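# Chains, contacts and geometry: an overview
Below are the chains, spelled out letter by letter.
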Amino acid sequence: MSSALTDLFPHPIVQAPMAGGVSVPQLAAAVSEAGGLGFLAAGYKTADGMYQEIKQLRGLTGRPFGVNLFLPQPEYADAAAVQVYAHQLAGEAAWYETGLGDPDSGRDDGYDAKLAVLLDDPVAVVSFHFGVPRPEVLQSLRRAGTLTLVTATTAEEALGAQRAGADAVVVQGVEAGGHQGTHRDNPETDGTGVGLLTLLAQVRETVEIPLVAAGGIMRGSQIAAVLAAGADAAQLGTAFLATPESGAPAVHKQALTDPLYVRTELTRAFSGRPARALANRFMREHGPYAPAAYPEVHHLTLPLRKAAAKAGDAQGTALWAGQGHRMARDLPAGRLVEVLNAETAAAGTALSAAAEIPEEGAPR
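Quick notes on the rules
- Residues numbered from 1 in each chain as written.
- Predicted model: local features only at pLDDT ≥ 70, side-chain atom pairs only at ≥ 80, totals over all residues.
- Heavy atoms only, no water.
- Helix = DSSP H or I, 4+ residues; strand = E, 2+ residues; numbered from the N terminus.
- Rg over C-alpha atoms; globule rule 2.2 N^0.38 Å.
- Buried < 20%, exposed > 50% of the residue type's maximum accessible area, 1.4 Å probe, protein only.
- Areas by Shrake-Rupley, 256 points an atom, 1.4 Å probe, with all protein chains shown as cover.
- Lys, Arg positive; Asp, Glu negative; His and termini not counted.
- Charge placed at Lys NZ, Arg CZ, Asp CG, Glu CD.
- Pairing = 2+ DSSP bridges.
- Arc of directions from axis to C-beta.
- Contact = heavy atoms within 4.5 Å.
- Axes fitted to C-alpha atoms, helices over the stretch in contact; angles between N-to-C directions.
- Parallel < 35°, antiparallel > 145°, perpendicular 65-115°, else oblique.
- Left-handed = near helix turned anticlockwise from the far one by under 90°.
- Nonpolar A, V, L, I, M, F, W, Y, C, P; charged D, E, K, R; others polar.
- Phe/Tyr/Trp six-rings, centres within 6.5 Å; stacked < 30°, edge-to-face > 60°.
- Core = buried A, V, L, I, M, F, W, Y, C linked by side-chain atoms within 4.5 Å.

## A few points about the overall build of the protein
A count of helices and strands for the protein gives 14 helices and eleven strands. In terms of overall size, the protein behaves like a compact globule, its C-alpha atoms giving a radius of gyration of 20 Å where 364 residues would be expected to give roughly 21 Å. When its C-alpha atoms are laid out on the principal axes, the protein stretches across 75 × 45 × 40 Å. With 364 residues in all, the protein has 56% of them scored as buried. Within the structure as shown, the protein displays about 15,200 Å² of accessible surface, and the carbon and sulfur contribution to it stands at 53%. Taking the average location of the 27 positive side-chain charges in the protein and that of its 38 negative ones, the two points are 3 Å from each other.

## Quick look at the pairing of strand β11 (residues 275-278)
Note that strand β7 (residues 178-179) and β11 share two bridges and pair antiparallel. Within β11, the residue paired with G178 across the bridge is R276. Pairing geometry for strand β10 (residues 264-267) and β11, over four bridges, is antiparallel. Among the inter-strand pairings, T264 is bridged to a residue of β11, identified as L278.

## A closer look at helix α8 (residues 196-204)
Listed in full, the buried residues belonging to α8 are L196, L199, L200 and V203. Taken down its axis, α8 places every buried residue within 100 degrees of arc, on the same side. Looking at the buried side of α8, the elements it contacts are β5 (147-152), α7 (155-164), β6 (168-172), β8 (211-214) and α9 (220-228).

## Examining unusual backbone geometry
With an omega dihedral of 10 degrees, the bond running from Y294 to P295 counts as a cis peptide bond. Tracing the chain through its elements places P295 in the loop between α12 (281-286) and α13 (296-310). We note that Y44 has phi near 70 degrees; this positive angle belongs to a residue other than glycine. Its place among the elements puts Y44 in the loop between β2 (38-41) and α2 (47-60). Phi angles above zero are rare outside glycine, and E97 is one such case at about 55 degrees.

## Focus on the packing of α2 against helix α5 (residues 111-120)
Relative orientation of the contacting elements α2 and α5 amounts to 30 degrees, with a least axis distance of 8 Å. For the element pair α2 / α5, the angle class is roughly parallel. α2 and α5 meet at a crossing whose hand is right-handed. Between α2, through A47, M50, Y51 and I54, and α5, the contact on the second element is made entirely by A113, K114, V117 and L118. Residue composition of the contact of α2 with α5, by class: seven nonpolar, no polar and one charged.

## Considering the packing of aromatic side chains
Considering all chains together, one arrives at five aromatic pairs under this definition. Arranged with centres 5.3 Å apart and planes meeting at 80 degrees, the rings of Y44 and F70 form a pair that is edge-to-face. Separated by 26 residues along the polypeptide, Y44 in the loop between β2 and α2 and F70 in strand β3 (residues 65-70) bring together distant segments of the chain. Note on Y44: relative accessible area 30%, which makes it partly exposed. Between F270 and W320 the ring centres are 5.7 Å apart and the planes differ by 85 degrees, which places this aromatic pair in the edge-to-face class. Of this pair, F270 sits in the loop between β10 and β11 while W320 sits in the loop between α13 and α14 (333-356), placing them 50 residues apart in sequence. Residues F270 and W320 agree in their burial class; the two are buried. Taken together, the ring pairs in this structure connect Y44, F70, F130 and Y294 into an aromatic cluster.

## Structural notes on the nonpolar core
By size, the foremost hydrophobic cluster in this structure holds 79 residues, and its most contacted members are V67, L69, F128, L236 and F240. Considering every element that reaches this core, the biggest residue donor is helix α1 (residues 25-33), with five residues. The residues contacting F240, other than those within four sequence positions of it, are I13, Q15, M18, L27, V31, S246, A333, L336, V337 and L340. The next biggest cluster of nonpolar side chains, apart from the first, holds 19 residues, and it includes A86, L89, A269 and F270.

The structure is reproduced here in structure tokens:
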């Protein structure tokens, strides 16, 4: 399906914006150059840091790309619960010989400053995680020539994005690695996420704007499946995490296919918000006690995660990954886009051929 969004890139492949240093300019450029839509993750960066990465990316490609922003979070975290969790992490800090981070390091992620940069020097696409921007924000970006996407994990969230004026919705199934982009962090709904194909059908019947399907997609056959189910493109994160251009630490890339890590789980252990990662020691020991406190817990555990990754200790850091992580391929990002596109085309041809086979007894 042609739309203003999909007209920007010839292949129906979007590289997910993975915050924390994974979605670097080199990765986004390689994906865009190969015909997909590369993305920078502005989350956890300063406005100037984001701007510098945009400048670097523009020096690497003239193709369209996107930038992802985190919505500011409401102030409802229980400070006492965060302090209790800090005491529980004292042993981790001693083990890695580092201090804990300041949980009060900021809640808005420099959102307004980043928006100002993106309105002053527009990019092709801006996407939003953890909520819906104000309608006037989406209107301002549209006037600047920028298309907007909002991540949704339910049909109701997708409808809210459409009503606010978003150009498209990223439909995120529970299979997705990293943070679930829920618009409201409600601990009572932990573990109740919907699988991508079911969610995609629900959202397709609820909204009229284009959809980008995300969650556990690792092969072209899966891309063909979500396109057949009503998506206009597919967003892949874990598949690109393993590429040489990805900024993920080596210990993270290696763990994706390490037989020691047999499953993923949703956890609050590292950030205080539900996020899918490879199950490791840190998650097992601390996940059951982590409070619903984002971004306080993120700030608190950041030095621990960095120290563990630097030490090459996969058991002590956040190994964000979707459910399809064992299918990761060590290919350059541009080559991966080419392979995925070829697989998608082959699967689409097979689906078309199957649809043309008459049923038994039907007239030929």
